[in-house]
Amino acid sequence: MPIHSYLHNTLGYTNYEIAKIKFIVFTILSEISKLMLIGLFFFYSKKLTVFIMAAFVLCLLRISTGGLHFKHYLSCFLASFSIFFIGVSELNGIQFTKFVQLITLLLCIIINYYCAPVVSSFRPIPDGIKIQRAKKQSITIITAFSIILYIFPQNQYVNVGFWMIILQTIQLFAAKILKRRKTNEIPYTNTGR
């Protein structure tokens, strides 16, 4: 028996509820497959543990704030790979003083507060309560990371988390600008003149 028929006939789900379930399952499988493919690259690069830390920080923030969204798997994969490659392989070798890092994270908190969340066009626009929850979650995550950064000595795991927060904040800011431009565009209408 097909899953759709089972959910509809046996469990009484509506077509809308089944479509939501399919979307969620597809999204989760898509994200897991991308993380696994990118993880393979870092496994062979001998940077898997640093990648896991980067993925943990990025996923925590991205779930609450959203950001740039792509319509196709390949474009999403390439963008994700680029962010991880830049954060783990390129920027992770650059370390600032804790003071500079903490000031930068404070700036990230401010940007996340004003920009979050930016959701996919496939999802409904969040209401005021969900928007405030997303803002509070992003502030909490970055603040918690700032405390960890302050307490722990400099190391590649804390440093990659710092860079992933910056990269996520940059792409969130870019997503907010792009979304604002799209909403401000006036569609062409033929007036018949």
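These numbers come from a predicted model, not from an experiment.

### As for a positive patch on the surface
Now for step 1: Taken together, the side chains of Lys20, Arg123, Lys130 and Arg133 define a basic patch exposed on the protein surface.
Now for step 2: If you trace the backbone, Arg133 turns up in helix α6 (residues 128-151).

### Here we look at the side chain of Lys135
Now for step 1: Summarising the element assignment, Lys135 is placed in helix α6.
Now for step 2: Nearest to the buried, unbridged Lys135 among oppositely charged side chains is Asp127, at 12 Å.
Now for step 3: Lys135 has contacts with Tyr113, Tyr114, Cys115 and Ala116, leaving out every residue within four places of it along the chain.

### With respect to the pattern of salt bridges
Now for step 1: As enumerated under the stated definition, the model contains one salt bridge in all.
Now for step 2: Here Lys34 and Glu31 are joined by a salt bridge, their closest N and O atoms 3.0 Å apart. Pair noted here: Lys34 and Glu31 are both in helix α2 (residues 15-44), with a separation of three residues, about one helical turn.

Here is what the cut-offs are and how they apply
- Residues numbered from 1 in each chain as written.
- Predicted model: local features only at pLDDT ≥ 70, side-chain atom pairs only at ≥ 80, totals over all residues.
- Heavy atoms only, no water.
- Patch = residues over 30% accessible without salt bridge, like charges linked within 9 Å, V, L, I, M, F, W, Y side chains within 5 Å.
- Areas by Shrake-Rupley, 256 points an atom, 1.4 Å probe, with all protein chains shown as cover.
- Salt bridge = Lys/Arg side-chain N within 4 Å of Asp/Glu carboxyl O.
- Lys, Arg positive; Asp, Glu negative; His and termini not counted.
- Charge placed at Lys NZ, Arg CZ, Asp CG, Glu CD.
- Helix = DSSP H or I, 4+ residues; strand = E, 2+ residues; numbered from the N terminus.
- Buried < 20%, exposed > 50% of the residue type's maximum accessible area, 1.4 Å probe, protein only.
- Contact = heavy atoms within 4.5 Å.

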